[in-house]
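Summary of structural features
Okay, here's what each chain looks like letter by letter:
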Amino acid sequence: MIRRLLQGIVVIFFVSIATFGILQLAPGSPIDVMVGEAQVTQEQIALIEAKWGLDKPWYVQYFRWMGNMLKGDFGQSIVRTGVPVSTMLRDAASVTIRLNLIALVISTAIAVPVGIIAAVKRNSLFDYVASIGSTIGIALPSFWISLMLIILFSLKLGWLPASGSQSWKNYIMPVMVLALQETALVARLARGSTLEILRQDFVTTARSKGLMERVVVSRHVVRNAMLPVVTVIGLRLAFLMSGTIIVETIFAWPGVGRLFIDSIFRLDYQVIQAIVLLSSIIVVVMNILTDLAYAYIDPRIRVR
Amino acid sequence: MATTQPETSALSRATVFDDRQTQRRSELSRSWRRFKRYRPGVAGGIVIILLVIMAVFAPILAPYSPTEVNTRRLGEGPSWSHPLGFDGIGRDILSRTIYGARVALMVGIISTVIAITIGVLVGATAGYFGGWVDSLLSRITDTLMAFPLLVLLVTLAAVFSPSLKTVIVVIGVTVWASYARIVRADVLSLRERDFVMAARAAGANDIRIILRHVVPNVLGPVIVIATLGIGGIIILEAALSFLGLGVQPPTPSWGGDLSSARQFIRIYPHMAIAPGMMIVITVLAFNLLGDGLRDALDPRQRE
Amino acid sequence: MLDSMSRISGIMNLVQPVTRRQFLKRATAIGVSVPAFASLLAACGGDDDDEPTPVPPTPTQGSVPTPGPSGGATPTSAPEPTATTAAAATPTSGGGAAPTATTAAPAPTATPAGEQPVMGGVLVTQGHQEIASLHPDDAGPYVHYVIVRNIHEPLVDLDIDYAFIPVLAASYEAAEDALSYTFTIHDGITFHDGEPLTSADIKYNFDWYRDPANAAVLATDYANVADVVIEDELTVTVKMSAIDAAFLANVTGLLIVPEHIHSVTGKDNYSPQATGTGPFKLKEWKAAEYTTLSKYVDYWQGEPYLDEFREDIIPEGSVRAVRLETGEADNSVWPLQAQDNLRFINELSDQFDVNRAPGTAVNHFPLNNEKPALADKVVRQAMLYATDRDSLINDLEKGLSVKAHSGYSPAVQFYYNDDVKKYDYDPEMAKKLLDDAGYVPGSDGIREKDGVRLSFTCTVITGDQRRRPEAEVVQQNLLAVGIDMQIQEAPVATILEQLMAGEMDASLFNWTYGTSEPDCRSVFRSDGARNFSHYKNPVMDELVDAGVATIVPEERQQIYKDIQALTAEDAIFLYVQFWEDIQIWNKRIKGRPAQANNPAAVYPLIWTFWKDES
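Residues numbered from 1 in each chain as written. Chains lettered and ligands numbered in written order. Predicted model: local features only at pLDDT ≥ 70, side-chain atom pairs only at ≥ 80, totals over all residues. Heavy atoms only, no water.

**Overview of the overall build of chain B**
What chain B contains, in helices and strands, is 12 helices and 0 strands. Start at the N end of chain B and walk to the C end: the helices and strands fall as α-α-α-α-α-α-α-α-α-α-α-α. The burial tally for chain B puts 63% of its 303 residues in the buried class. Residue pairs in contact within chain B that sit at least 24 positions apart in sequence constitute 74% of those at least 6 positions apart. With an accessible surface of roughly 11,800 Å², chain B has 68% of that area assigned to carbon and sulfur atoms. (Helix = DSSP H or I, 4+ residues; strand = E, 2+ residues; numbered from the N terminus. Buried < 20%, exposed > 50% of the residue type's maximum accessible area, 1.4 Å probe, protein only. Contact = heavy atoms within 4.5 Å. Areas by Shrake-Rupley, 256 points an atom, 1.4 Å probe, with all protein chains shown as cover.)

As structure tokens, this is what we get:
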């Protein structure tokens, strides 16, 4: 386990360097956005750059930032002044996590049973409907569904507010959109992996031992079928940090996804770096947890 | 229901003792028979063939030029001469939709092939060898996956000039990590299985074992993911259109057309229907085909 | 997995550099033929019309021309003094001649007479992008400005007809040589924390922007200020090092912050405790979600009717339209899509008022004049002939737009020059020009001459739903005459930098080349920091410098007319149109001016609005 942790740290280090390198390749400077249409001179732009340390070579910027990070200081946003990046991130993350956890819980609760039943009752009407339904769920672009929901529920029916995050009513539409895709994806995977397991020898053996189908399914199949599902859920949790940009944008939820996209377009380095680094940490942690979950579910794998 | 499956498996196991030639031929025909049994899979295959025909013969099938602009008629709804109406700047939607199949299929299939190739090789190698090879490859995979794709894409958009080729390559080299991870996880458990042990005991070399025994055995899950993946990539192509990394105008693409329909969604809702439907149909077709193929090709039925 | 990548497609943030600095820069536009400050003086000292204005609640300061239409009455009716006479005629600063709040002609408000204002309620407007800062130095973006300007106030401002009106200044005067300005502020103004506003605060604000160590965005605005001298508790004199005709227009952007707070926080930590003298004070700042202001009960011009003023951040245009329609919001600072606007104008006019005003930022394709394919004036002229701008305006913009004949808007009446070379849609003429100049079509139909192929790339702003269709139409227009324009997308920060670095051929966005304050040095000088087209012409350099070296209006007028003629003759860039500025209000918001030619000036009046919930 300690080795895994060390490996994780190595990954995070690589990510931080790669982030810096790539951002250096990206042309453009946040100063141009800040200045806007103000009458400025080139000297003045240089002056503002110097103030933010953007005139230094990237490795100097990198080490200064890394040093601060190790001290727990994420720095200041070049665009949103007066608020530490850590505060911005905390606010945004709470929004994103709230939204996504609800969607994830709902979708897992629906998708796993649906997937397993569809696999066990293979080629039944239920299976077909579930398969086609989940495919459509994946294929529908989320911005399209989101706008359609808003037109229906906010404009035509007047039941739900079009945006915001103040009341429980605000959760309904974004959660619907997120959960639809999540459910579709997880259900497909659950069905696929259940089918795999159903064909394996130990299931056949269990059946031939005369065990009741229900017992076979619940004791052997479900457990094993959870492997890929756990992977996917782990990955989804990890991706919470880079967020659910479309949904956050359309429903005006000030989450991490939107913060990230805004920052990219303004080249707000401090924020981009902090989000990248934190999300990489989460991914690494999730990977370790996923491996542990594998070992727990499938004892044939030993965690080294 | 599912009880027919073990029988088939048992049957196919028996063929191991046939000689190679017969085995391959019978395997193929058996696969084909199995594939035919799954009707939705056949339907998906037919739809994809139709899409390919549409893409290849687009210049013949399309009634108008996909790029010709007639701003005076922009946003006009369906009519006899223009069955799907006009888009937001006055181009014939039917013609654009037909031509759009070209981009969708090229992007979806080629980049998935790139991703699968890299992903399966990396994943299988890592899972099979374990040790430092696994550590290194897994670290690379992790790093790629830990990276917010967007930073990568925006940067790539800035560094390379966006084109169809860029889109295909960029998607291919950025999405392989998920294949690698799932393949590795599968190989981890496969490695301990009897048939791999047996092959190793029989003195087969590693590359041979990976290619002959391990890779075919992980193709099942890979196909599941790839079929979803092609759909995902077709949707991703729409995403890239927003990002400015997409296929550049005036080339018609469903993703691009759908995203430009977004701003007109309240006044010209017909604009979003054709490209949206095509995306859904295509994704559905690939998924059904994938299901069918899995039944037909699943290695665990072949051993 | 793959699917999660599809989520990234949300680049809906239209970063549009129609940026709103223009609103801070606008000066006397409509029908004003007096120097900026002279007209202001007229406003200050002028009319003694006693008609009561129906709008402002309990004005506490008699000498304040209220926001609202007051200023509007002045410019056109005022005599037209020259700069010198105006300066000489300086009205008794702070004296009894200062008009009362009831100066103006009857205000044409959108509210029928006789309706009684009601207290309370929340006015909700909408922006598209987070309010990243509450510091006046960052108030350029319109979405910021409406909030920052309601917290803070300037010495002088522009009213809804682009006339100067004094705000914090009770009066001010310019010296005859235009090398010094004296401002006298009202007595008894307090910041939101109760501290009084003094001349020391005014000096502090000027000095802060001028200090290079602060690297202020607006520093250049005060580059010609030599010194600021405190005369007494309420009076400061600004000494100029050179005549700067744009100075007073720039002062409208000097939103006064309190020295006792700002000197501690500096710019970087100021936003969370933004404090000013304005009608609303900061209640809650959630940059990406909403910003709420609550009324400042002791506001020096009287207590606002509304309890709160809030701006919600809604990135997606269609959603802003839906929220407006359902009544979740009362207004949208950031414009809606053209098609949605049309719906409010045509179908929903019983619930909404629409204020239409001509825009001043030109919608244009900057063309890098140093790229071989774009270097030849004839090619650029042919491009203007080849572009079907009438179709763009009538079909794409649904007529809510005005054709451009240079970088200056017809809205800038005084400086506008209609007598320039015009390029009406004429593809045959374009072909003829190119043929005559020796550009012959190659095998693929694209013209070339001496190895120079008429092919270039136009980089549009990523996710720009409004302008990208325009680029696609122009692409086809140009192709029809043998010019190949590729389209690419890039984030706005990239475009602004690479265009200036000469790494891009062309782009498409809106930019203010000159408004009622027509100074255009940064965009037309050879070394201008915003000379996107890389246009280098000594004649132009002389003109733009001369334009700010005099404050005599007729002289300036001629200079800027010459600049427009030169712009058109050299076809410096591909100018297309001026979008109309469309401001939509829910009718339940009462007390609004009926028509504002300067839409930005409506937001500082919010304290005089009330909400009729019935």
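**Some points on the packing of aromatic side chains**
Any two aromatic rings considered together are summarised by their centre-to-centre distance and by the angle between their planes. Residue and element names in this part refer to chain C. Evaluation of the coordinates by the stated rule reveals 29 aromatic pairs over all chains. Where Tyr 408 meets Tyr 560, the ring centres are 6.3 Å apart and the plane angle is 45 degrees; that geometry is what we call tilted. Residue Tyr 408 is located in the loop between β12 (401-403) and α15 (427-436), and its partner Tyr 560 is located in helix α20 (residues 553-570); the two are separated by 152 residues in the primary sequence. You can call Tyr 408 buried: its relative accessible area is 1%. Judged by centre distance (5.8 Å) and plane angle (40 degrees), the ring pair of Trp 585 and Tyr 603 falls under tilted. Placement of the pair is Trp 585 in strand β19 (residues 574-586) and Tyr 603 in the loop between β20 (589-590) and β21 (610-611), with a sequence separation of 18 residues. A relative accessible area of 2% places Trp 585 in the buried class. In this structure an aromatic cluster arises from ring pairing among Tyr 172, Tyr 181, Phe 183, Phe 206, Trp 208, Tyr 209, Tyr 222 and Phe 247. Seen from the ring of Trp 579, Arg 466 lies directly overhead, with NZ or CZ sitting 3.6 Å from the centre. (Phe/Tyr/Trp six-rings, centres within 6.5 Å; stacked < 30°, edge-to-face > 60°. Lys NZ or Arg CZ within 6 Å of the ring centre and 35° of its normal.)

**Overview of the pattern of salt bridges**
Counting across every chain of the model gives 43 salt bridges over all chains. In this structure, Asp134(B) engages Arg184(B) in a salt bridge whose closest nitrogen and oxygen atoms are separated by 2.8 Å. One end of the pair, Asp134(B), is in helix α6 (residues 131-146); the other, Arg184(B), is in helix α8 (residues 164-190), and 50 residues separate them in sequence. The exposure class of Asp134(B) is buried, given its relative accessible area of 5%. By relative accessible area, which is 15% here, Arg184(B) ends up buried. When the shortest N-O distance is used, the salt bridge between Glu569(C) and Lys377(C) registers 3.0 Å. Of this pair, Glu569(C) sits in helix α20 while Lys377(C) is found in helix α13 (residues 377-386), placing the two residues 192 residues apart along the sequence. Residue classification places Lys377(C) among the partly exposed positions, given a relative accessible area of 32%. Linked through salt bridges whose partners overlap, the residues forming this network are Asp87(B), Arg91(B), Arg96(B), Asp257(B), Arg468(C), Glu472(C) and Glu489(C). (Salt bridge = Lys/Arg side-chain N within 4 Å of Asp/Glu carboxyl O.)

**Description of the confidence of the model for chain C**
Residue and element names in this part refer to chain C. When pLDDT is averaged across chain C, the result is 80; 81% of the residues are at 70 or more. Across residues 1-108, where pLDDT falls below 50, the model places 317 contacts with residues more than four positions away in sequence or in other chains. Predicted as a complex, the structure gets a pTM of 0.77 and an ipTM equal to 0.77. (pLDDT = per-residue confidence, 0-100.)

**Digging into the side chain of Arg380(C)**
All names here are of chain C. Examined against the element boundaries, Arg 380 turns out to sit in helix α13. We note that Arg 380 is buried and unpaired, the nearest opposite charge coming from Asp 570 at a distance of 5.6 Å. Within the structure, the side chain of Arg 380 is placed 2.8 Å from the backbone oxygen of Ala 571, a separation counted as a polar contact. If we ignore the near neighbours within four places in the chain, the residues touching Arg 380 are Leu 367, Asn 369, Leu 374, Ala 375, Asp 570, Ala 571 and Ile 572. (Lys, Arg positive; Asp, Glu negative; His and termini not counted. Polar contact = N/O pair within 3.5 Å; in protein donor to acceptor, adjacent residues only side chain to side chain.)

**Details of α8(B)**
All names here are of chain B. The first and last C-alpha atoms of α8 sit 38 Å apart over 27 residues, in line with the 39 Å expected at 1.5 Å per residue. When the local axis directions of α8 are compared, the greatest deviation, roughly 30 degrees, occurs at Val 175. Of all 27 residues in α8, 22 are buried; the element is thus mostly enclosed. (Expected span 1.5 Å × (residues − 1). Bend = angle between axes of the 7 residues up to and from the residue.)

**Here's the deal with a nonpolar patch on the surface**
All names here are of chain B. Together, Ile 46, Ile 49, Leu 50, Val 52, Ile 53, Val 56, Phe 57, Ile 60 and Leu 61 give the surface a local cluster of nonpolar side chains, amounting to about 840 Å² of exposed area. Put simply, the parts of the chain that give the nonpolar patch at least two residues each are α3 (39-56) and α4 (58-61). With 6 residues, α3 is the largest single contributor of residues to the nonpolar patch. (Patch = residues over 30% accessible without salt bridge, like charges linked within 9 Å, V, L, I, M, F, W, Y side chains within 5 Å.)

**So, the environment of Phe309(C)**
Residue and element names in this part refer to chain C. Looking at the secondary structure, you find Phe 309 in strand β10 (residues 308-313). Each C-alpha atom, one on Phe 309 and one on Asn 417, is 40 Å from the other, the two residues being 108 residues apart in sequence. Once residues within four sequence positions are removed from consideration, Phe 309 is found in contact with Leu 123, Thr 125, Val 146, Ile 147, Asn 150, Phe 280, Thr 291, Thr 292, Leu 293 and Ile 606.

**A few points about the packing of α6(B) against α8(B)**
Residue and element names in this part refer to chain B. Two elements in contact, α6 and α8, have axes separated by 9 Å at closest approach and are oriented at 135 degrees. In this view, α6 runs oblique relative to α8, as classed from their interaxial angle. You can see that α6 and α8 cross each other, and the crossing is left-handed. Contacts from Asp 134, Ser 138, Ile 140, Thr 141, Asp 142, Leu 144 and Met 145 in α6 reach Val 173, Thr 174, Trp 176, Ala 177, Ser 178, Ala 180, Arg 181 and Arg 184 in α8. For the contact of α6 with α8, a count of residues per class yields 7 nonpolar, 4 polar and 4 charged. (Axes fitted to C-alpha atoms, helices over the stretch in contact; angles between N-to-C directions. Parallel < 35°, antiparallel > 145°, perpendicular 65-115°, else oblique. Left-handed = near helix turned anticlockwise from the far one by under 90°. Nonpolar A, V, L, I, M, F, W, Y, C, P; charged D, E, K, R; others polar.)

**Thoughts on the sheet that holds strand β18 (residues 506-511) of chain C**
Residue and element names in this part refer to chain C. Pairing is mixed across the open sheet formed by 6 strands, whose spatial order is β12-β19-β11-β18-β16-β17. Both outer strands of the open sheet, β12 and β17 (484-490), are each paired with one neighbouring strand and no more. Taken pair by pair, the neighbouring strands of this sheet meet at an average axis angle of 30 degrees, ignoring direction. Here strand β16 (residues 455-461) pairs with β17 via 7 bridges, running parallel. Across the sheet, residue Phe 456 finds its bridge partner in β17, namely Met 485. Set on the sheet, helix α17 (residues 492-500) makes contact with β16, β17 and β18; between it and β18 the angle comes to about 110 degrees. (Pairing = 2+ DSSP bridges.)

**Quick notes on the environment of Ser280(A)**
Its place among the elements puts Ser280(A) in helix α13 (residues 269-297). Note on Ser280(A): relative accessible area 0%, which makes it buried. Spatially, the C-alpha atoms of Ser280(A) and Phe13(A) are 9.6 Å apart, while their sequence positions differ by 267 residues. Ignoring anything within four residues of it in the chain, the contact list for Ser280(A) reads Ile12(A), Val15(A) and Ala146(B).

**A look at the sheet that holds strand β13 (residues 440-441) of chain C**
Across a sheet, strands are paired by hydrogen bonds formed along the backbone, either parallel or antiparallel in direction. Spatially, 3 strands are ordered β13-β14-β15 (chain C) in an open sheet, and the strand pairing comes out antiparallel. At either margin of the open sheet sits one strand with a lone partner, and together these are β13 and β15 (452-453) of chain C.

**Observations concerning the nonpolar core**
All names here are of chain C. Ranked by size, the top nonpolar core spans 135 residues in total, and within it Phe 365, Met 383, Phe 456, Met 485, Phe 524 and Ile 563 carry the most contacts. Dropping the residues within four chain positions of it, Phe 524 is found in contact with Tyr 513, Asn 531, Tyr 535, Met 540, Asp 541, Val 544, Ile 563, Thr 567, Ile 572 and Phe 573. One finds Val 148, Leu 158, Ala 215 and Val 602 within the second-largest nonpolar core, a separate group that totals 117 residues. (Core = buried A, V, L, I, M, F, W, Y, C linked by side-chain atoms within 4.5 Å.)

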